[in-house]
Amino acid sequence: MLIKLINNFYSFRKIIKLNKRIFKDQPKKTKNEILIEFNNFAASHISLSYCANILKNKHNANLTAYPGHVLLSYPLKQKLIKKIKYFFGKVFNINFFGVYKSFGINKFHYPKINDHIKKLADHTHKKFLKDIKSLRQLEHFKIKKILMGDLLYDTYLKNHYHLSPTINLNNKEFQKFAFDFICLFYIWDHYINTKNIKAIISSHAVYTIGLPARICASKKIETYILTHEQIWKLKDLHPTQYYEVHKFKKIFKKIKIGKQKKLKELAKQRLEARLKGAYTSDYSYITKSPFGINKKIKISKKKKNIFVIATHDFVDAPHAMGHSLFPDFYQWFIYLCEVSKKTEDIWLVKNHPDFGEDYSKYVQYERDVTNNICSKYKNIKVLHKDTTLNDLVKIKVDAVFTVNGTIGVDMSILNIPVINASLNNPHINYKFNYHPKSVKELEDIILNFRIHKKKIKIDKNEIYEFYAMRNIYFSKNWFYPNLNKIIKDIKSYHNLSKPMFYDYWVKNYDSFDEKLTVKNLKKYFYSKNIFLLNNNKFGKY
């Protein structure tokens, strides 16, 4: 622990020294503000520092940092120890406070509640308790005509790791949480209305992290979501992430034929590498290959269908891409378990593999929830945690169920049909998956599967087109020219979010084409483009 603290101390010192050399602008004499989310995502801080300063000069504004994880990772009201740490961090430039100050942040704002906010929240909360009688109504809950129900829903789930990861509207703990959430909304709404906010950069469009960003977007303020993989503009009409997936085919048709062929060729190469077990930053969080032969599954198929439910992390933002056929992943899973009793089919459950490191606890939680549910359904078998997708192919699985998972492309490339439970899924533009429009249609597919199975034709060309659009056209290399290489260099995807990444950046700074990067960033921030795409000139969006 002591060694880690010492190493982190020197990592912070190195990046602060470099930033002070690069960013020399003094605070401006203006009331204009750019809101910058304060977090510990080290790899994002590099690109964030450049983006923040370009927006600062574009709008003649000062940079204000704010905490994004309120209610998600810590309560609205700061505890004494948190206040002390926050105060000394700001004053003495400790750790991430020092990093943010080194690239131009001159103010740290923490949302605070007062009597006026409490009064507004109390009125809205009473109406909330009276009007919201179902999870569907909760999903569509709005404050001042701004959709907030999905953010409240997902934040509560993530904040409460229950073995029944859904929401009981009558639960006092949830009702108290909803009040705090409503308070947070009014705090931000008041701040944004009374300050000259010109732009905001957030790390997510989900949870309470996305709350101030969504308010800003509703007021036509420039709103950006920035990660180490992408930067894009959040729009009032499209308040969730990955909304570009609905336009893939339309965008692809506008690309010249020669470039279309090149995109598909590259996609085919990448998919073939994935099938062989290669790691790729296309899905950088998947740190363990889902492919390969690993476990022998003892199943007697006979004349029965074999269905596999591919579970999700039950508390990982079920509304990240928008609404689905079910309010959350738990409700979807319970529904499939209940429908399974109406069939004579073989039902299996596949959890995520253990990706290791920081993800192990989340995968274990997913498995604990699954086992808890399936203990009540003797007709359903939970597969071994090391079961691969090729193991499923070997036993001739007939179909896989997901809400909106990447398994939609992974199993399709292996010629296994996948049935989504959301019209907001990555593969929605393509016919290599089923996309039922209602719960009734989903049930009909299950109960009459042999009829429906004849209708689906998995076209590999469609899969290549999707993969090309998802991972090559909408490239992950918007700031770092080769994210795949960086992740391999630092030994782990998880190290992107750790102070050790600063060491890597400082060491490799001289090979960074800063002039070209700043030129591209300026071009983007002064354009109407939604994404900044460093995709070898395949196109823009």
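None of these values were measured; they are calculated from a predicted model.

1. Quick look at the nonpolar core
Now for step 1: Ranked by size, the top nonpolar core spans 185 residues in total, and within it Leu-138, Phe-501 and Trp-505 carry the most contacts.
Now for step 2: Among the elements that take part in this core, helix H8 (residues 172-194) stands out by supplying 14 residues, more than any other.
Now for step 3: Counting residues in hydrophobic clusters, the runner-up holds 6 residues, among them Val-206, Ile-209, Ala-317 and Ala-320.

2. A few points about the sheet that holds strand S12 (residues 399-401)
Now for step 1: Pairing in this open sheet of 5 strands is parallel, and the strands run S11-S10-S9-S12-S13 from one edge to the other. This sheet does not close on itself; its edge strands, each paired only once, are strand S11 (380-382) and strand S13 (418-419).
Now for step 2: In terms of strand pairing, strand S10 (residues 346-350) meets S11 through 3 bridges, oriented parallel. For Leu-348, the partnering residue across the bridge sits in S11 and is Lys-381.
Now for step 3: Packing against the sheet, helix H12 (residues 329-340) makes contact with strand S9 (306-310), S10, S11 and S12, and its axis sits at approximately 165° to S9.
Now for step 4: Lying on the sheet, helix H13 (residues 360-374) is in contact with S10 and S11; it crosses S11 at an angle near 155°.

3. Remarks on the environment of Pro-499
Now for step 1: Checked against the element boundaries, Pro-499 lands in the loop between helix H19 (483-489) and helix H20 (500-508).
Now for step 2: Distance from Pro-499 to Asn-7, taken between C-alpha atoms, is 8.6 Å for residues 492 residues apart in sequence.
Now for step 3: Those residues in contact with Pro-499 that sit more than four places away from it in its chain are Asn-8, Ser-11, Phe-12, Ala-42 and Phe-96.

4. A short note on unusual backbone geometry
Now for step 1: Even without being glycine, Tyr-207 reaches a positive phi, approximately 60°.
Now for step 2: Here Tyr-207 shows up in the loop between strand S6 (196-202) and helix H9 (211-218).
Now for step 3: Given a relative accessible area of 6%, Tyr-207 falls into the buried group.
Now for step 4: Notably, Lys-396 is not glycine yet its phi reads approximately 60°, a positive angle.
Now for step 5: Along the polypeptide, Lys-396 turns up in the loop between helix H14 (389-394) and S12.

5. Considering the side chain of His-435
Now for step 1: Positionally, His-435 belongs in the loop between S13 and helix H16 (439-447).
Now for step 2: Side chain to side chain, His-435 and Asn-425 meet in a polar contact 3.2 Å long.
Now for step 3: Here Tyr-430 takes part through its backbone oxygen, which lies 2.8 Å from a polar atom of the side chain of His-435.
Now for step 4: When sequence neighbours within four positions are dropped, the list of residues in contact with His-435 reads Asn-420, Leu-423, Asn-425, His-427, Ile-428 and Tyr-430.

6. Remarks on the sheet that holds strand S1 (residues 32-38)
Now for step 1: Across the sheet, which stays open at both edges, the 6 strands sit in the order S3-S2-S1-S6-S7-S8 with mixed pairing between neighbours. Edge strands, defined here as strands with exactly one partner in the open sheet, are strand S3 (105-108) and strand S8 (231-233). Looking at each pair of strands side by side, their axes are set apart by 30° on average, direction ignored.
Now for step 2: Looking at chain direction, S6 and strand S7 (residues 222-226) are connected through 4 bridges and run parallel. Within S7, the residue paired with Ser-202 across the bridge is Ile-225.
Now for step 3: Sitting on the sheet, H9 is in contact with strand S2 (62-67), S6 and S7, with an inclination near 135° to S6.

7. With respect to H12
Now for step 1: When the terminal C-alpha atoms of H12 are compared, their 17 Å separation across 12 residues agrees well with the 16 Å that a helix rising 1.5 Å per residue should span.
Now for step 2: Burial within H12 is extensive, with 9 of its 12 residues counted as buried.
Now for step 3: Residues Phe-329, Tyr-330, Trp-332, Phe-333, Tyr-335, Leu-336, Cys-337, Val-339 and Ser-340 constitute the buried set of H12.
Now for step 4: N-capping of H12 is provided by Asp-328, with a side-chain oxygen placed 3.0 Å from the backbone N of Tyr-330.

8. Here we look at the side chain of His-69
Now for step 1: With respect to the helices and strands, His-69 occurs in the loop between S2 and helix H3 (80-92).
Now for step 2: Sequence-distant contacts of His-69, defined by excluding residues within four places in its chain, comprise Glu-37, Asn-39, Phe-41, Tyr-74, Thr-208 and Ile-209.

What counts and how
Residues numbered from 1 in each chain as written. Predicted model: local features only at pLDDT ≥ 70, side-chain atom pairs only at ≥ 80, totals over all residues. Heavy atoms only, no water. Core = buried A, V, L, I, M, F, W, Y, C linked by side-chain atoms within 4.5 Å. Buried < 20%, exposed > 50% of the residue type's maximum accessible area, 1.4 Å probe, protein only. Helix = DSSP H or I, 4+ residues; strand = E, 2+ residues; numbered from the N terminus. Pairing = 2+ DSSP bridges. Contact = heavy atoms within 4.5 Å. Axes fitted to C-alpha atoms, helices over the stretch in contact; angles between N-to-C directions. Polar contact = N/O pair within 3.5 Å; in protein donor to acceptor, adjacent residues only side chain to side chain. Expected span 1.5 Å × (residues − 1).

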